[in-house]
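# Observations on chain architecture
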Amino acid sequence: MGFGNIVSDALNIMRDEKKFYKDYLPQEAITVGNRMVAEITGLWENLQDEIIELLKTELPMESPYAVVWWYSVLLNIKHDEKIFEEFILYVRKNRNAYSANTKYFLFYQMKSLHFRFTELCSEKVQKELLAFFEEIVEDFSKEITAPLERIPLEERNPEKALIITEQFIAIQHGPTKTALDRCKCLMEKMNKQVLLLNTTEILSQLGRIPFYNAIEGSYDEQKKNETYQEWKQTIIPYFQCDHCMPEINRLDMLLREIRVMAPQIVVSIGGSGMLCNLVNKMIPVVTVGLCPSDLEFTTCKYQTLGRKITEKDRRILNTIGYTEQNVIESIFTSSLKPQTEIIGREEMNVEKSVFALVTVGARLDDEVTDDFLDILEHVVTSEVNWVIIGNFAHMRERLKDYSNLKKYTINIGFCSDILSRIENCDLYVNPTRKGGGTSCVEAMYKGLPVVSVNYGDVAVNAGDEFCVSDYEEMKKQIMKYYTDKEYYLKMSNRAKERAKILLDTDSEFERIIREVELRETEHTEGDRV
């Protein structure tokens, strides 16, 4: 078979790497690794496992750069949590072989894998990844020359607030809207002087080494020249870093400026940026978690969580010496990009008479699994169609074995005005994934009920009454919405009511900030006793 040759080639290269390479990866390894993923991914699982185990026995453990490459290849052949755990442990054990920036690059690629694939989300993985991140923060802090000592509360300026985001691109982008909404609340409801600082650190490529299918964060060069952002009639002072963060000299400069600014409030959007974690040594930082269903990978003193804290969360927090006092249970609120168009179903190629299911996402190639397609195949007909909004580049290939889906799926792709499209649909259906939280709010705002397995951001945002236990129950629930018009109307109204709560950022974010202030005051007074 053809895959036998590629496995043989990979083994020979690994053996050569053991003899000749340490801080270098030969081009042949990259070529063969790319071919391996393409040729082995579709094999039967037991055959994949045999090949992976064979390859693991020949990993060139004395060559840290090569091992990173081969582990990233293996993880793309199979999303196996044991391989992922081994990978993180290897990098942590050999961390002195990599620069601080390379470790940060590796952390973010690992974090991306953890977010995209539910199979890689074990408690042990979360603990190891969080411990790795804490080590990276300490590595950076040792290279910083700016003073990082805590600034006492009484020496901070009560009129100033700093919001740090790792990425700021466009208002279609959920984290961008999250940052703008929090700035507006601080300025208009809490009367603070706010600076929005975009560090551009997300998925940093500084220190990049070969990593299969490495992801790079989007960057808007034009915004580098902008000094403010306008959001819903509010002018927000803005500064954007060059796209080379987290570079030590720039971190140093920013930390000195922030120390002089001495804001009373510092908020990070996401929490894994190096700057916000270093600022946290001077001023307690509250992280707005962008994955409300899960803890963030951050050492910032406080973080929000969109659900009740669990014993598992407490064990994970304990990895870096934190407790539930470092978590603020909250509702993850957002705002919606204003609707600018009104279109009809005919412009979306959706028949007026059909019951239209809709799934929205930017990573649907990863998130739409065969299990999800299997249940849709059993509900989609000429009368029940599936509409896809977003990025599902491999849809045609993925649907080739699903006769109903091939006929009755409409992929309208990415669109800038989601609300105008989603209002032409009837029911929001969600694959098992972490993301998608904002799109379900858009759907509920337009009166679409949600059907989601009880996992991830959509489940947290939508609430229990819109969740099911598994895909089999999802299939039944979809048909209930389709056949029971009275039930559909009741749940449509419930969806609109839920959306109102999820869009009230002013009330919820002010409550979060007041809770942080209360905890800080109690902590300070406790120190004085």
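The present account deals with the structure reproduced in this document. (Residues numbered from 1 in each chain as written. Predicted model: local features only at pLDDT ≥ 70, side-chain atom pairs only at ≥ 80, totals over all residues. Heavy atoms only, no water.)

### Notes on the overall build of the chain
In terms of helices and strands, the chain carries 21 helices and 14 strands. Radius of gyration (C-alpha) of the chain: 24 Å, near the 24 Å computed for a compact globule of 529 residues. Counting only C-alpha atoms and orienting by the principal axes, one finds that the chain spans roughly 70 × 65 × 45 Å. Counting over 529 residues, the chain shows a buried share of 58%. Of the contacts formed within the chain by residues at least 6 apart in sequence, a portion of 70% connects residues at least 24 apart. When the accessible surface of the chain is totalled, it reaches about 22600 Å², and 48% of it is carbon and sulfur. For the chain, the centre of its 65 positive side-chain charges and the centre of its 84 negative side-chain charges are spaced 1 Å apart. (Helix = DSSP H or I, 4+ residues; strand = E, 2+ residues; numbered from the N terminus. Rg over C-alpha atoms; globule rule 2.2 N^0.38 Å. Buried < 20%, exposed > 50% of the residue type's maximum accessible area, 1.4 Å probe, protein only. Contact = heavy atoms within 4.5 Å. Areas by Shrake-Rupley, 256 points an atom, 1.4 Å probe, with all protein chains shown as cover. Lys, Arg positive; Asp, Glu negative; His and termini not counted. Charge placed at Lys NZ, Arg CZ, Asp CG, Glu CD.)

### Quick notes on the pattern of salt bridges
One pass over the structure, following the stated rule, counts 44 salt bridges. Residue Glu 138 is joined to Lys 281 by a salt bridge in which the shortest nitrogen-to-oxygen separation is 2.9 Å. Taken together, the positions of Glu 138 in helix 7 (residues 123-143) and Lys 281 in the loop between helix 10 (274-279) and strand 6 (285-288) put the pair 143 residues apart, joining distant regions of the chain. Classification of Glu 138 as partly exposed rests on a relative accessible area of 32%. (Salt bridge = Lys/Arg side-chain N within 4 Å of Asp/Glu carboxyl O.)

### Some remarks on the pairing of strand 6
Neither face of strand 6 is open: one carries Val 285 and Thr 287, the other Val 286 and Val 288, and all of them are buried. Bridge count for strand 5 (residues 263-269) against strand 6 is four bridges, and the pairing is parallel. Bridging from a neighbouring strand, Ser 268 pairs with Thr 287 of strand 6. In terms of handedness, the path from strand 5 via helix 10 over to strand 6 forms a crossover that is right-handed. The pairing of strand 6 with strand 7 (residues 302-305) spans two bridges and is classified as parallel. Counterpart to Val 286 in the pairing with strand 7 is Tyr 302. (Pairing = 2+ DSSP bridges. Right-handed = clockwise from strand over helix to strand, strands pointing away.)

### Regarding the environment of Ile 169
Examined against the element boundaries, Ile 169 turns out to sit in the loop between strand 1 (157-165) and helix 8 (174-189). For the pair formed by Ile 169 and Asn 198, sequence separation is 29 residues and the distance between their alpha carbons is 9.6 Å. Not counting the four nearest positions on each side in its chain, Ile 169 is found in contact with Thr 176, Ser 218, Tyr 219, Asp 220 and Lys 223.

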